[in-house]
Amino acid sequence: MTNFFYLTLFMLLSSTQVSALGVTEAVVKGKGFTKEFPKELGQISLENAADLCEVAKNTQHYLNAYTEDNFAVHAGSMIDKNLTLGRVKKTLSFICKVNQEDSRNKKASRLAQSEFLSQHFDFYRWSPDKSSATAIANKSTNEVKSRLLNSIPDQEIFLTKYYTKLLDGSSVQTQKFNQALYAIPFDEKELTLVQADKKRSQLNRYKYTRQQVISGALVKNDIAKPLIWLSEEALHDVLLQGTGVLKVDGKIRYFNVHRNNGIAYDYSIGKREQARYWYFIETPEIMGYGHNQQSKIAIKPQVTFAGNVADLGLGKLIMVSYLVKDESSTANVQTKRVSRLGVLADQGGAFDNNLFQLDLLVDSYRGWQDYHQANKNLPDYAQAWILLLKGKYSEY
């Protein structure tokens, strides 16, 4: 998830219980999962079951195609010691089968019905690792960050949100759109990352700082292909965020960081002073986790979570549940419960050894005001469950 503009407070503010079913939980150093169906799911918010299926399908493909990625491709035994990767895959496959049937029959999605979910899935309630959250809070000098981490409830995780920033661009250079996102230089176009690293001293990618590129070094020497043109301010934003969602000639196009010039990011200076520079690649959609650029998973807003892939394993179907203000009620304090489904298909550095937080991909916005208006009702904390298909439906 290093490819996105984070709305997590980590980025903004600091650049054995037995269940009611009698099933024991998996507990590792305070990080707990209990097999337990929610007492109440309330309204299940699933505006686009097809998007959920798409992310599930893309993630399942990764699990099948990149078995050598031991970091992400595993069952997640801390959830249940008997959990298998095969069951995770069948859960993802089941999502799409249900969506296809409902679409074919022109029916509302059964994935938004609590009775259907309870019948077909086992629920593993996630108790947050508060000890790790507290340790981070105690080290932080930011009062708001410390307060939020110290306030994580015993049975709710910290639910943060991230979005991609929507910008304007041009297919040709203009006075306004005078900077480009460049593809990797021509001299390494056919090289793998490993091959390029071995030729580091010879390659153009490592020769230029951000300021030199902005001054026109790549254009003057015909070193790399311009992919799209944008303003200098937008360029700095995209270089910082890692993903460019650009409106060009009335169409939305996506650009993702590919390889950089080898200069480290300097947290002590502003974005315009950074010497670090990224070269880009155009992608068909917003991309999530992948062990390299070619393997990244195409993801969708509202049905994608970023989290601790190393411990949980890629591809978990997750439900979060929280209280929101009931807009239909005349009472100021009246609330209702909302639940939503998503797939763990992204990750980032903020989730290393972090089992108290999930990040929800919400959408693309022009800026903070648009984001806040659209997401102001989303809370800071939520109950969370990992859902796994029951064995008797594995051949569904």
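Residues numbered from 1 in each chain as written. Predicted model: local features only at pLDDT ≥ 70, side-chain atom pairs only at ≥ 80, totals over all residues. Heavy atoms only, no water.

## Things to note about the overall build of the protein
Right, on to step 1. Within the protein, the regular secondary structure consists of 12 helices and 16 strands.
Right, on to step 2. Residue burial in the protein is summarised as follows: out of 396 residues, 54% are buried.
Right, on to step 3. A total accessible area of about 18,500 Å² is found for the protein, and carbon and sulfur atoms account for 48% of it. (Helix = DSSP H or I, 4+ residues; strand = E, 2+ residues; numbered from the N terminus. Buried < 20%, exposed > 50% of the residue type's maximum accessible area, 1.4 Å probe, protein only. Areas by Shrake-Rupley, 256 points an atom, 1.4 Å probe, with all protein chains shown as cover.)

## Description of helix α6 (residues 143–150)
An α-helix turns once every 3.6 residues. As a result, residues three or four positions apart point the same way.
Right, on to step 1. Regarding α6, the residues found buried are Lys 145, Ser 146, Leu 148 and Leu 149. One face of α6 carries all of its buried residues, which in axial projection span an arc of 165°. (Arc of directions from axis to C-beta.)

## Observations concerning the state of the cysteines
Right, on to step 1. In the structure shown here, the tally under the stated rule is 1 disulfide.
Right, on to step 2. At a sulfur-sulfur separation of 2.2 Å, the disulfide partner of Cys 53 is Cys 96. As the torsion about the S-S bond is roughly 110°, the Cys 53-Cys 96 disulfide counts as right-handed. Separated by 43 residues along the polypeptide, Cys 53 in helix α2 (residues 49–65) and Cys 96 in helix α3 (residues 85–104) bring together distant segments of the chain. (Disulfide = S-S within 2.5 Å.)

## Points about the pattern of salt bridges
Right, on to step 1. Per the counting criterion, the structure on display carries 17 salt bridges.
Right, on to step 2. One salt bridge in this structure joins Asp 154 and Lys 130, with 2.9 Å as the shortest N-O distance. Remark: Lys 130 occurs in helix α5 (residues 130–139) and Asp 154 occurs in the loop between α6 and β6 (157–168); sequence separation between them is 24 residues.
Right, on to step 3. Within this structure, Lys 165, Glu 232, Glu 233, Asp 237, Lys 271 and Arg 272 form a network of salt bridges that share partners. (Salt bridge = Lys/Arg side-chain N within 4 Å of Asp/Glu carboxyl O.)

## Concerning the confidence of the model for the protein
For residues with low pLDDT, the predicted coordinates do not support detailed interpretation.
Right, on to step 1. Taken as a whole, the protein shows an average pLDDT of 87; of its residues, 89% reach a score of 70 or greater.
Right, on to step 2. Here strand β2 (residues 26–28) stands out as the element of the protein with the lowest mean pLDDT, 40, in contrast to α2, whose mean of 98 is the highest.
Right, on to step 3. With pLDDT under 50 throughout, residues 5–30 is counted as low confidence; its partners more than four residues away or in other chains account for 69 contacts. (pLDDT = per-residue confidence, 0-100. Contact = heavy atoms within 4.5 Å.)

## As for the environment of Glu 233
Right, on to step 1. Take Glu 233: it is sitting in helix α10 (residues 232–241).
Right, on to step 2. For Glu 233, a relative accessible area of 36% translates into the label partly exposed.
Right, on to step 3. In sequence terms Glu 233 and Lys 271 are 38 residues apart; their C-alpha atoms lie 9.8 Å from each other.

## Focus on the nonpolar core
Right, on to step 1. Formed by 71 residues in total, the largest nonpolar core has its most connected members in Leu 111, Leu 117 and Leu 358.
Right, on to step 2. The greatest single-element share of this core, amounting to 7 residues, is contributed by strand β16 (residues 381–389).
Right, on to step 3. Contact partners of Leu 358, with chain neighbours within four places excluded, come to Trp 126, Ile 157, Phe 158, Leu 159, Thr 160, Phe 305, Ala 306, Gly 307, Ile 318, Val 320, Leu 344 and Phe 351. (Core = buried A, V, L, I, M, F, W, Y, C linked by side-chain atoms within 4.5 Å.)

## Looking at the layout of surface pockets
Right, on to step 1. The volume enclosed by the second largest pocket comes to roughly 500 Å³.
Right, on to step 2. Lining the second largest pocket we find 23 residues, and of these Ser 45, Glu 47, Tyr 322, Arg 340 and Leu 378 sit closest to its centre.
Right, on to step 3. The set of elements that each furnish at least two residues to the lining of the second largest pocket consists of β4 (43–45), β13 (317–325), β14 (335–346) and α12 (368–375).
Right, on to step 4. Grouping the constituent residues of the lining of the second largest pocket by class yields 9 nonpolar, 7 polar and 7 charged. (1 Å grid on protein atoms, 1.4 Å probe; cavity = no way out; pocket = protein on both sides within 12 Å on 5 of 7 lines; lining within 4 Å. Points joined across faces, edges and corners; volume = space filled by probe spheres on them. Nonpolar A, V, L, I, M, F, W, Y, C, P; charged D, E, K, R; others polar.)

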